[in-house]
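So the chains spell out like this:
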Amino acid sequence: YDPKEVSYDNLLDVFFKRVDPTTVNGQGNDFGRQYRTGVYYHSEEQESIARARFTNEQLLYSKPIATELKSAMSFWPAEKYHQQYLAKGGQNAEKNAVETIRCYG
């Protein structure tokens, strides 16, 4: 995430357009704790923005939002064979791509 490229609000817009935030531990055909959705913040300002957005999004659903909302922690890149996952599967991974992500295995 680069705030010079996209605002935190816009990042949340894209996130909530692409996931079902009420799904517990999964999206699409992928299920398990490793597939849980989350929104992470790096500052008090981002936390405030995210919490307000979660409150507004909840009004759109009858089920509770299951997406976790937490302070960002240390990040470790995935193993090499997991890098460029979408491109390796023949999917568009370019900036501003809007195609639905397909699961494959």
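Look up: the structure comes first, before these words.
All figures in this text were calculated on a predicted structure; none of them were measured in a lab. (Residues numbered from 1 in each chain as written. Predicted model: local features only at pLDDT ≥ 70, side-chain atom pairs only at ≥ 80, totals over all residues. Heavy atoms only, no water.)

Chemist: How should the overall build of the chain be read in this particular structure?
Modeler: Per the secondary structure count, the chain includes 3 helices and 4 strands. The dimensions of the chain, computed from C-alpha atoms along their principal axes, are 35 × 35 × 25 Å. When each of the 105 residues of the chain is scored for burial, the buried share is 23%. Counting only contacts in the chain whose residues sit at least 6 apart along the sequence, the fraction spanning at least 24 positions is 52%. Surface accessibility of the chain: about 8,200 Å² in total, with carbon and sulfur atoms responsible for 53%. Here the chain contributes 13 positive and 14 negative side-chain charges, whose respective centroids are spaced 5 Å apart. (Helix = DSSP H or I, 4+ residues; strand = E, 2+ residues; numbered from the N terminus. Buried < 20%, exposed > 50% of the residue type's maximum accessible area, 1.4 Å probe, protein only. Contact = heavy atoms within 4.5 Å. Areas by Shrake-Rupley, 256 points an atom, 1.4 Å probe, with all protein chains shown as cover. Lys, Arg positive; Asp, Glu negative; His and termini not counted. Charge placed at Lys NZ, Arg CZ, Asp CG, Glu CD.)

Chemist: Got a minute to help me understand the nonpolar core in this structure?
Modeler: One broad trend across soluble globular proteins is that nonpolar side chains are buried collectively. Formed by Tyr8, Leu12, Phe15, Phe16, Val19, Val39, Tyr41, Ala50, Phe54, Ile65 and Leu69, the largest nonpolar core amounts to 11 residues. Elements that contribute at least two residues to this core include exactly helix 1 (8–18), strand 3 (38–41) and helix 2 (44–58). Beyond its immediate stretch of four places on either side in the chain, Tyr8 contacts Tyr1, Val39, Tyr40, Tyr41, Gln46, Ile49 and Ala50. (Core = buried A, V, L, I, M, F, W, Y, C linked by side-chain atoms within 4.5 Å.)

Chemist: Would you mind going over helix 1 with me for this structure?
Modeler: In an α-helix, one turn spans 3.6 residues, which is why side chains three or four residues apart end up on the same side. Inspection of helix 1 places Tyr8, Leu12, Phe15 and Phe16 among the buried residues, and these make up the whole buried set. Angular distribution of buried residues about the axis of helix 1 spans 90 degrees; they occupy a single face of the element. Against strand 3 and helix 2 lie the buried residues of helix 1. (Arc of directions from axis to C-beta.)

Chemist: It is not clear to me how the packing of aromatic side chains should be interpreted in this structure. Could you clarify?
Modeler: The relation between two aromatic rings is expressed through the spacing of the ring centres and the mutual angle of the planes. Per the stated rule, a full pass over the model turns up 2 aromatic pairs. Seen from their ring centres, Phe15 and Phe16 are 5.1 Å apart, and the 85 degrees between their planes marks the pair as edge-to-face. Taking the relative accessible area as the measure of exposure, Phe16 reaches 7% and is therefore buried. Where Phe16 meets Phe54, the ring centres are 5.5 Å apart and the plane angle is 80 degrees; that geometry is what we call edge-to-face. Taken together, the residues span a long stretch of sequence, with Phe16 in helix 1 and Phe54 in helix 2 at a distance of 38 residues. For the pair formed by Phe16 and Phe54, the shared burial category is buried. Through a chain of ring-to-ring contacts, the aromatic side chains of Phe15, Phe16 and Phe54 assemble into a single cluster. (Phe/Tyr/Trp six-rings, centres within 6.5 Å; stacked < 30°, edge-to-face > 60°.)

Chemist: What exactly am I supposed to notice about the environment of Gly28 here?
Modeler: With respect to the helices and strands, Gly28 occurs in the loop between strand 1 (26–27) and strand 2 (30–31). Separated by 73 residues in sequence, Gly28 and Ile101 have C-alpha atoms that sit 8.9 Å apart.

Chemist: What am I meant to see in the pattern of salt bridges here?
Modeler: Any two side chains of opposite charge can pair, on the condition that their charged atoms come close. Applying the stated criterion across every chain yields a total of 5 salt bridges. The closest approach of N and O atoms between Glu57 and Arg53, which form a salt bridge, is 2.9 Å. Taken together, the residues Glu57 and Arg53, both in helix 2 and 4 residues apart, mark about one turn of the helix. Residues participating in the shared-partner salt-bridge network are Asp13, Arg53 and Glu57. (Salt bridge = Lys/Arg side-chain N within 4 Å of Asp/Glu carboxyl O.)

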